[in-house]
Amino acid sequence: MDLFSRSWTALRTAVAELPDEHFAQPSGCTGWLVRDLVCHLIIDAQDVLITLVTPADTEPTRDAVTYWEVASTLPTGDDPFATLIVRLAAAYEEPRMLKFHFGDVASAAGRAAELADPALRVGTRDEVLTAGDYLRAYVLEWTLHHLDLVAHLPDVAGPSAEALAQSRDVLEKIAGAAFPASFSDKDALLVGTGRRAPTDAEKVQLGELAARLPFVVG
């Protein structure tokens, strides 16, 4: 849960410090500008708030790894949810308005996470998890989207080494296989989730795992 807070704080800080012109730059999410990604993060923060106040009285059905639904098809950016996000982001008109709304909701989600009992059972997406597992799962979400945020912004700080390492560990558990030791944690996440195509040399190193890529988590 501490890593949830640190990874979320790092992402929130990166967004807060973005100059206005960066919001019109492409992100690492297909079809989304940075402003669209930030708008999506508002929805994510709302999900955290809703889940943490939705107690469940049954046994957990998922944990921090099995929480994720995994697909093998990369998003195209033209599905109904993706296009809705684009329209919502455009409605803010000015980056400062989007920043303000994100900062407000993101701060509330961060406080809710700090106050949550890790053993509390919560319900989301018709599944039950402990709050601790739910928040651990979201470290992967924050880390991947932090990478998306900085994909075309080399002057903006990316996720921390500990967030990258834990996220790689979760992705490897999802995959049921380890990525080559020669892969940095960042490259394992980018290649593993289809955010970057592996080079020919990397395909050789991946071996049979290359044919199973990508692991699109959502």
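Structure first, text after, so check above.
So, a few notes on the structure that sits alongside this text. This structure is a prediction, so every number in the text was calculated from the model and none was measured.

What to know about the nonpolar core
So, step 1. Of all hydrophobic cores here, the largest spans 67 residues; its most connected members are Phe-4, Trp-8, Val-48, Tyr-134 and Leu-149.
So, step 2. Contributing elements (two or more residues each) for this core: α1 (2–16), α2 (34–52), α3 (80–91), α4 (95–115), α5 (131–150), α6 (161–175) and α7 (185–192).
So, step 3. Once residues lying within four places of it in the same chain are set aside, the contact partners of Leu-149 are Leu-11, Ala-14, Val-15, Leu-18, Val-34, Leu-37 and Val-38.

Comments concerning the side chain of His-146
So, step 1. As for its position among the elements, His-146 is in helix α5.
So, step 2. In this structure His-146 touches Ala-10, Leu-11, Ala-14, Ala-157, Gly-158 and Pro-159, once residues within four positions along its chain are discounted.

Description of the pattern of salt bridges
So, step 1. Taken as a whole, this structure holds 13 salt bridges when the rule is applied.
So, step 2. Across the salt bridge formed by Arg-62 and Glu-127, the nearest N and O atoms sit 3.1 Å from each other. Placement of the pair is Arg-62 in the loop between α2 and β1 (70–71) and Glu-127 in strand β3 (residues 127–130), with a sequence separation of 65 residues.
So, step 3. Exposure remark for Glu-127: the relative accessible area of 22% places this residue in the partly exposed category.
So, step 4. Where Asp-148 meets Arg-195, a salt bridge forms, and the shortest distance between an N and an O atom there is 2.7 Å. Placement of the pair is Asp-148 in helix α5 and Arg-195 in the loop between α7 and α8 (200–206), with a sequence separation of 47 residues.

Reading guide: rules and limits
- Residues numbered from 1 in each chain as written.
- Predicted model: local features only at pLDDT ≥ 70, side-chain atom pairs only at ≥ 80, totals over all residues.
- Heavy atoms only, no water.
- Core = buried A, V, L, I, M, F, W, Y, C linked by side-chain atoms within 4.5 Å.
- Buried < 20%, exposed > 50% of the residue type's maximum accessible area, 1.4 Å probe, protein only.
- Helix = DSSP H or I, 4+ residues; strand = E, 2+ residues; numbered from the N terminus.
- Contact = heavy atoms within 4.5 Å.
- Salt bridge = Lys/Arg side-chain N within 4 Å of Asp/Glu carboxyl O.

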